[in-house]
Amino acid sequence: MGSLRIELKNVYVTYQDIERPALKKINLHVGENRLVVITGPNGSGKTTLLETCLGLLKPFKGLVKLLGIPTTSRRIYVARRQCSYLPQNFMRSPYESYTVKQVIAMSLLSIKSSLSTLTPDDLCRIRTVVKLLGIENLLSEPIGKLSGGQQQRVFLARALVREPLVLFLDEPFSSIDPESREHITLLINEYTREKNATTLIVSHIINKELSRVADAVVTMSNGELVDVVGNLY
Amino acid sequence: MLEIIFISLVIGGLMLALLGYYISKLGLSTIAFSAAHAALAGAAISSILNSDPYTLPAILTLFLGLILGVILPRTSIEVLNNLSMMFFSLFNSIALIAIYLSNVVVLSTTRVGGLLWGSPLAVTIDRFVYIMILTCVFITYLMLTRSKLDAIVFDKKLAEAEGINVQFYSIVIITFMCIALVLMLEVIGGFLVFSLLYVPYIVSIIVTSRADIQLVIAGLFGAIITPLGAFLSLILDTPIGSTIALIVSLSAIIIYITKKIHGVLKNFI
C-alpha cells in the first residue's frame, strides 16, 4: 500500500443554517498513483466531498487529512500548495480581462516566494501544457472572451501546470465537446501515472474512456458513500 | 506648509485609491464603510476628550475592521453586510452624539470641523510623516505580494484551494485601510473619506476592463483629483472634503457619459 494522500474518517459536514448534513459518515482513503471517479446524482454531495478533502469546508465531526495534514490545521496551506483544483463554476464574465497566459501563470506565481518571476522552465511547462490541451494560440486572449469549452481547458491547464501531487477536478468535461473528452481523459490519466499523482474526478457522466482508466469509482447518494468499486489505495 | 498639504493630498489620494481597488475587488466594501465610521466615532470622542487624533480612532476602526475580517470567511455576504450596516449605524450615532455633546463653540474649531467636512489644516508634520510612511509600506507590500493578490482578485476560492491564505491577505488590506482612514479622516472629513476609496476604482472600471491597468488608473485618478478638489475648495471657499468628493463624483459621471457617447459614436460611424 502506497502512502495515503487523502484520508476521511467518519466525516460529517453541514452547511450553515441547514440542519441536514451535506456529508454523512464518510470514510475514504485514497493513495498515490490513483485516479478515482466520484459519481452520483445532483445534490448527492460530490462537490462538497471534494471541497472537504481540500479543507475549503471543515467537518463538524470526524477527521480529514490532505497529504497527511489535518484540514483543520493552519498548515493545510502547505498541503494545498501541492494540489490543484478545477472548480465546477469556472466560467468568467465576458468582461474578465486577464489573459490566458496570466491566468495560468497565476497558479505558478502564487506558490513562489515574493518578487519571484516565471523561470524559463515555468514558461516551457506552460507551453507544453497548453499545446497538449490545444489552446496554445489563445495565450494572449482575455479569458472572458473565450467559449465555455476553451475556458475549461484553460483551467485544466492551470491545474496541470503546477504539477500537483493531488488533482481535484470538478466536472472537468462539462463544457468539453464529446470528441475531446477522450483525449483529455487520457491526458489526465497519463499525468496521474507519470507523476505518481492522485486524481479525484467528480463527474455525473462517466464516459467509456474514463471508466477504463479509473482505478476506482465511488458512488454517492444523499451525502453518503453508497458504493466503491475498485482500488482506492 | 502648503507644499506639505499638497503632497499629503497627492499621496493620501493615491493610497486610498489603491486600497479602494483591493477593497472593492476583495468584496470588503461594506467593511470599509463601517470602519470609516468607527474611525469617525473615535475621532469625535478624541476631540471631546482633547486627546491625540490617532489612538482612539485607530483602536475603534482596527477593532471593528479586524473583527469583521475574521468573521468574513465564516459567514455569508448577506450577514456580513447586515453586520457592517449595523456597526455603521452604531458608530455614526456615537460620532454625532459626541459632536453634539461637545461645546457648540467647539464646532467652529479646526478639529471638529475637520471631522465633519475636512480641513487642510489637519495636515500637521506628524500626520504628513505618517501618511508618507504608510504609503511607502503599502506600496512595498503591494510589490511583494502582487502575484498572490492578483490570484485572489481573480478567484478567491480558487486561490484558497491553491494554498493562498485569503483571509490573511484580506486582513492585511483591511489593516492598511483602517490606518489610512484614520490618517486621512480629519483632512477629508469623516462622512466623505470613503468616497476616495470607491470612486477612483469605479472610474478605473469605467475606463478599462483590464485589471492590471485598473489599479494604475485608480491610483492616478486618486492622486490627481484629491489635490485638485482641495485647490478648488480654496478658490471657492467651500469645505475641502465635500469639494473633493463632489469633484471626484462629477469626474466619474463625466467619464462614464463620455465613454458611453464614444461607444455610441463608434458604432454609428
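Structural data are supplied above this passage.
Since we're looking at a predicted model, the values are computed, not measured.

All names here are of chain A. Inspection of every chain in the model, using the stated rule, returns 16 salt bridges over all chains. Residue Asp-122 is joined to Lys-112 by a salt bridge in which the shortest nitrogen-to-oxygen separation is 2.8 Å. Separated by 10 residues along the polypeptide, Asp-122 in helix α4 (residues 120–132) and Lys-112 in the loop between α3 (100–109) and α4 bring together distant segments of the chain. For Asp-122, a relative accessible area of 3% puts it in the buried group. Taking relative accessible area as the criterion, Lys-112 reaches 21% and is therefore assigned partly exposed. The salt bridge involving Glu-163 is made with Lys-195; its shortest N-O contact spans 3.6 Å. Taken together, the residues span a long stretch of sequence, with Glu-163 in the loop between α5 (148–161) and β7 (166–170) and Lys-195 in the loop between α6 (178–194) and β8 (198–202) at a distance of 32 residues. Through salt bridges with shared partners, one network takes in Lys-112, Asp-122, Arg-125, Glu-163 and Lys-195.

For the rest of this paragraph, the subject is the environment of Phe168(B). Looking at the secondary structure, you find Phe168(B) in helix α8 (residues 166–188). With 99 residues separating them in the primary sequence, Phe168(B) and Gly69(B) have C-alpha atoms 9.0 Å apart.

We now examine the nonpolar core. Core analysis: the largest hydrophobic core is formed by 161 residues, its most contacted members being Phe168(A), Ile173(B) and Met177(B). Three or more residues apiece are contributed to this core by two domains, here domain 1 (1–82 + 164–233) and domain 2 (91–162) of chain A. Ignoring anything within four residues of it in the chain, the contact list for Met177(B) reads Leu19(B), Ile23(B), Ile31(B), Ala32(B), Ala35(B) and Leu197(B).

Examined against the element boundaries, Gln102(A) turns out to sit in helix α3. Separated by 82 residues in sequence, Gln102(A) and Ile184(A) have C-alpha atoms that sit 22 Å apart. Leave out the neighbours within four places in its chain, and Gln102(A) touches Ser97(A) and Asp212(B).

Residue and element names in this part refer to chain A. Axis separation between α5 and α6 bottoms out at 12 Å; the angle between their running directions is 10°. By the angle class used here, α5 and α6 are roughly parallel. In contact with Arg-153, Leu-156 and Leu-160 of α5, α6 contributes Ser-180, Ile-184, Leu-187, Ile-188 and Tyr-191.

Here we come to a nonpolar patch on the surface. Residues and elements named next belong to chain B. A surface patch of nonpolar side chains, about 1100 Å² in accessible area, is lined by Leu-246, Leu-250, Ile-253, Ile-254, Tyr-256, Ile-257, Ile-261, Leu-265, Phe-268 and Ile-269. Its location among the elements puts Phe-268 in helix α11 (residues 240–268). According to the relative accessible area criterion, Phe-268 is exposed, its value standing at 72%.

Thresholds applied
Residues numbered from 1 in each chain as written. Chains lettered and ligands numbered in written order. Predicted model: local features only at pLDDT ≥ 70, side-chain atom pairs only at ≥ 80, totals over all residues. Heavy atoms only, no water. Salt bridge = Lys/Arg side-chain N within 4 Å of Asp/Glu carboxyl O. Helix = DSSP H or I, 4+ residues; strand = E, 2+ residues; numbered from the N terminus. Buried < 20%, exposed > 50% of the residue type's maximum accessible area, 1.4 Å probe, protein only. Core = buried A, V, L, I, M, F, W, Y, C linked by side-chain atoms within 4.5 Å. Domains from an automatic or database assignment. Contact = heavy atoms within 4.5 Å. Axes fitted to C-alpha atoms, helices over the stretch in contact; angles between N-to-C directions. Parallel < 35°, antiparallel > 145°, perpendicular 65-115°, else oblique. Patch = residues over 30% accessible without salt bridge, like charges linked within 9 Å, V, L, I, M, F, W, Y side chains within 5 Å. Areas by Shrake-Rupley, 256 points an atom, 1.4 Å probe, with all protein chains shown as cover.

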